[in-house]
Amino acid sequence: MSWLFPRSSTHHHGNGFWFCGCAGLPLHSNVMPDNGGGGGGASLGASAQPGRAPVVLKGRSARTVDVHAHCYFQAALDLMGEEAKAVLPPVKGVPEHFLQVEQQLAARFEAMDRMGIDLQVLSINPFWYRKDRDTAQAICQIHNESLAELCAHAPRRLAAFASLPMQFPELAVEMLEAAVRRLGLKGAAIGGNVAGRDFSHAEFHPVLAKAQELGVMLFIHPQSTPELAARFKGNGWLSNVIGNPLDTTIALQKLIFEGVFDRFPELKVLGAHGGGFLGSYAPRMDRSCFVSPQNCDPAIVLKKRPTEYIRQIYFDALVFTGEALRHLAAEVGSSQIMIGTDHPIPWEEHPVTHVMNTPELSDDDRLAILGENAIRVLGLHP
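**Student:** Looking at this model, I keep getting lost on the pattern of salt bridges. Mind explaining?
**Tutor:** Close approach of charged atoms allows side chains of opposite charge to pair. Enumeration according to the criterion identifies 15 salt bridges in this entry. Note that Glu213 is salt-bridged to Arg181, the shortest N-O span being 3.8 Å. One end of the pair, Glu213, is in helix H5 (residues 205-214); the other, Arg181, is in helix H4 (residues 169-181), and 32 residues separate them in sequence. Each member of the pair Glu213 and Arg181 is classed as exposed. Glu213 is paired through a salt bridge with Lys210; the nearest N and O atoms lie 3.2 Å apart. One end of the pair is Glu213 and the other is Lys210, both in helix H5 and 3 residues apart, which spans about a single turn. Judged by relative accessible area, Lys210 falls into the buried class, the value being 11%. One continuous salt-bridge network, built from bridges that share partners, spans Lys58, Arg60, Asp364 and Glu372.

**Student:** Would you mind showing me how to read the packing of aromatic side chains here?
**Tutor:** For the structure shown, the criterion picks out 9 aromatic pairs. Considering the side-chain rings of Tyr72 and Phe127, the 6.4 Å spacing of their centres and the 50° angle between planes classify their relative orientation as tilted. With Tyr72 in the loop between strand S6 (65-70) and helix H1 (74-78) and Phe127 in the loop between strand S7 (119-123) and helix H3 (133-153), this residue pair connects regions lying 55 residues apart in the sequence. As far as burial versus exposure is concerned, Tyr72 and Phe127 are alike and both buried.

**Student:** Teacher, can you tell me more about the sheet that holds strand S13 (residues 314-316) here?
**Tutor:** On the basis of which strands lie adjacent, the open sheet formed by 6 strands has the order S9-S10-S11-S12-S13-S14 and parallel pairing. Either end of the sheet is taken by a strand with one partner, and the two such strands are strand S9 (162-163) and strand S14 (337-338). Relative to strand S10 (residues 187-190), S9 runs parallel, the two being bridged by 2 bridges. Each bridged residue has a counterpart across the sheet, and for Ser163 the counterpart in S10 is Ala189.

**Student:** It is not clear to me how the state of the cysteines should be interpreted in this structure. Could you clarify?
**Tutor:** If you walk through the whole model with that rule in mind, you get 1 disulfide. Here Cys289 engages in a disulfide with Cys296; their sulfurs sit 1.9 Å apart. In this structure, the disulfide formed by Cys289 and Cys296 twists by about -95° around the S-S bond and is classed as left-handed. The exposure class of Cys296 is partly exposed, given its relative accessible area of 23%. We note that Cys71 lacks a disulfide partner, and the nearest cysteine sulfur, in Cys151, lies 8.7 Å from it. On the accessibility criterion, Cys71 (1% relative accessible area) is buried.

**Student:** In this structure, what is going on with a nonpolar patch on the surface? I would like to understand it.
**Tutor:** A cluster of nonpolar side chains, namely Val241, Ile242 and Phe277, defines an oily patch on the protein surface of about 220 Å² accessible area. For Phe277, the location among the structural elements is in the loop between strand S12 (268-271) and helix H10 (278-281).

**Student:** Is there a simple way to explain the layout of surface pockets in this structure?
**Tutor:** To find the voids left in a structure, one rolls a probe of water-molecule size over its atoms. The space that makes up the largest pocket amounts to roughly 1000 Å³. In terms of lining, the largest pocket is formed by 35 residues, of which the most central are Ala86, Pro126, Phe127, Gln223 and Ser224. A class-by-class count of the residues in the lining of the largest pocket yields 18 nonpolar, 12 polar and 5 charged.

**Student:** Sorry if this is basic, but what is going on with helix H15 (residues 363-378) here?
**Tutor:** Along an α-helix, a turn takes 3.6 residues, which lines up residues three or four apart on a common side. Taking 1.5 Å of rise per residue, 16 residues should cover 22 Å, and H15 covers 22 Å from first to last C-alpha, within 8% of that figure. When the local axis directions of H15 are compared, the greatest deviation, roughly 60°, occurs at Ile369. Among the 16 residues in H15, 12 count as buried, and that is most of the element. Listed in full, the buried residues belonging to H15 are Asp363, Arg366, Leu367, Ala368, Ile369, Leu370, Gly371, Asn373, Ala374, Ile375, Val377 and Leu378.

**Student:** Whenever I open this one, the sheet that holds strand S8 (residues 158-160) confuses me. Can you help?
**Tutor:** By way of backbone hydrogen bonds, the strands of a sheet pair with one another, either parallel or antiparallel. Spatially, the 3 strands line up as an open sheet ordered S6-S7-S8, and their pairing is parallel. The open sheet terminates on both sides in strands that have one partner only, identified here as S6 and S8. In this sheet, adjacent strand axes meet at a mean angle of 35° when their direction is disregarded. Strands S6, S7 and S8 of the sheet are contacted by helix H2 (residues 102-115), whose axis makes an angle of about 125° with S7.

**Student:** Looking at this model, I keep getting lost on the environment of Leu164. Mind explaining?
**Tutor:** Along the chain, Leu164 falls in the loop between S9 and H4. As a C-alpha pair, Leu164 and Cys140 span 24 residues in sequence and 5.9 Å in three-dimensional space. Each residue touching Leu164, except ones within four places of it in the same chain, is listed here: Trp128, Tyr129, Cys140, Ala172, Met175, Leu176, Ala188 and Val207.

**Student:** Honestly, the packing of H3 against H4 in this entry has me stumped. Any pointers?
**Tutor:** The axes of two packed helices give the description: the angle between them and the distance between them. The geometry of H3 relative to H4 is characterised by a closest axis approach of 11 Å and an angle of 15° between their N-to-C directions. Classified by the angle their axes make, H3 and H4 are roughly parallel. The two elements H3 and H4 cross, and the hand of that crossing is right-handed. In this structure, H3 uses Arg133, Gln137, Cys140, Gln141 and Asn144 to contact H4, whose residues at the interface are Glu170, Leu171, Met175 and Ala179. By residue class, the composition of the contact of H3 with H4 is 4 nonpolar, 3 polar and 2 charged.

Parameters and conventions
Residues numbered from 1 in each chain as written. Predicted model: local features only at pLDDT ≥ 70, side-chain atom pairs only at ≥ 80, totals over all residues. Heavy atoms only, no water. Salt bridge = Lys/Arg side-chain N within 4 Å of Asp/Glu carboxyl O. Helix = DSSP H or I, 4+ residues; strand = E, 2+ residues; numbered from the N terminus. Buried < 20%, exposed > 50% of the residue type's maximum accessible area, 1.4 Å probe, protein only. Phe/Tyr/Trp six-rings, centres within 6.5 Å; stacked < 30°, edge-to-face > 60°. Pairing = 2+ DSSP bridges. Disulfide = S-S within 2.5 Å. Patch = residues over 30% accessible without salt bridge, like charges linked within 9 Å, V, L, I, M, F, W, Y side chains within 5 Å. Areas by Shrake-Rupley, 256 points an atom, 1.4 Å probe, with all protein chains shown as cover. 1 Å grid on protein atoms, 1.4 Å probe; cavity = no way out; pocket = protein on both sides within 12 Å on 5 of 7 lines; lining within 4 Å. Points joined across faces, edges and corners; volume = space filled by probe spheres on them. Nonpolar A, V, L, I, M, F, W, Y, C, P; charged D, E, K, R; others polar. Expected span 1.5 Å × (residues − 1). Bend = angle between axes of the 7 residues up to and from the residue. Axes fitted to C-alpha atoms, helices over the stretch in contact; angles between N-to-C directions. Contact = heavy atoms within 4.5 Å. Parallel < 35°, antiparallel > 145°, perpendicular 65-115°, else oblique. Left-handed = near helix turned anticlockwise from the far one by under 90°.

In short, the description is geometric, and any link to function would need to be established separately.
Shown next as C-alpha cells:
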C-alpha cells in the first residue's frame, strides 16, 4: 500500500506531497511541473495543472476531486441591496471566495495544491430564496455564467454546480436545463429547504425530475435550522455546528420518508458535511413506523427499509476524523463518498491525508473517495 507523507525540506520532490512505500523509499519522484517555476506552481488558463506530486495508489495516479468548495461574485451580491451585508459568513476565508480577481484565482490553485486537490467543484450557498422572481433569476444567472466562465478558463482545475431560484420551481427547471446543456455545469447546489418548505413537497418535484432526466447531481448544502435560533445562541457557534448538520439530516430524511427516492430512483443527491447526522444514527429510522405507526402515513409505502436508501445518496467526507469516515463508509459504502473541504473556509485543510490515514479503508476505497466516485458520478474529465 502506498502512503502519504508531508513534503520534507530534506527531499527535493517539488511542491505538495511525496509518496513512499513501507520501507520509506519514494515510490514516485517525478513531480508535475509547476508551470512557470516556483512559488506554489499555480498558473492561469486552460493549461493550469496541479503543481505537486501525484497521489499514487496501486500503481495508479489518483485524480483528487473536492466536491464541496465555495465562491462568491460581487455582481450578484450587489443585487441583494441592504441584505448583502448579511450574506458573507463570519468566518476565516471570506476574501478568498471572490475568484473573479486573477490574483485570487491563482491563490486558489496554490491552496488546492497545498491540500493535494486536483479539481474543485464550486458552489454558492443559496442566499436568494426570499427574493422576488426577477432578482433571484438575475442572481442565479450571474452565478451560472460566471461559474461557467471560470470552468472554461481552467477546465482541469474547476467544475461547478449551478445556482437555482428554487422558490420558483418552474424557473428553476428552466435554469437547471440551461446550466447543464448550455453552460456545462455539473448539477446544482440547493439549500436544505426553501423558507421552511422541504424539497420533498410536490411543488419541487419538477426540479427533482429534471435533475434525474439530465443525470446531474443536486448538492444539498444547509442553511442552519433557524427554527432553533434562540436555543443556538451562546458560545460555540451552535447555529453552525449543530444547525447545519441538522438541516441536512432533516432534508435527507424527508426525501426518504416521503417516498421521493421511490418516485425518482435515479435521482443523484449529495449531502454536505457527511450528510449531517444521518450516517451516524440512521438505523433509528427503521424502527420509527413500527414503534409509532400513528405517526406514519399509511398512504406512503416505501419499497425498501429507510436505511437502504442511504446507499443511493452521496456524501462528502467532511467528518473530521478517521473513525467518523470509517463509520460513514461502513454505513453508506465507499462508492458513495467524495472529498469535501468547504474551502476556502478552513474546516478541512488536509483532505487527502484524512482519507489516507483511515486504516480501515482499502486502497480501492481510497481511490474511490479521492476522486473516482466524483469523476464517475459527475461526468468529470478523468
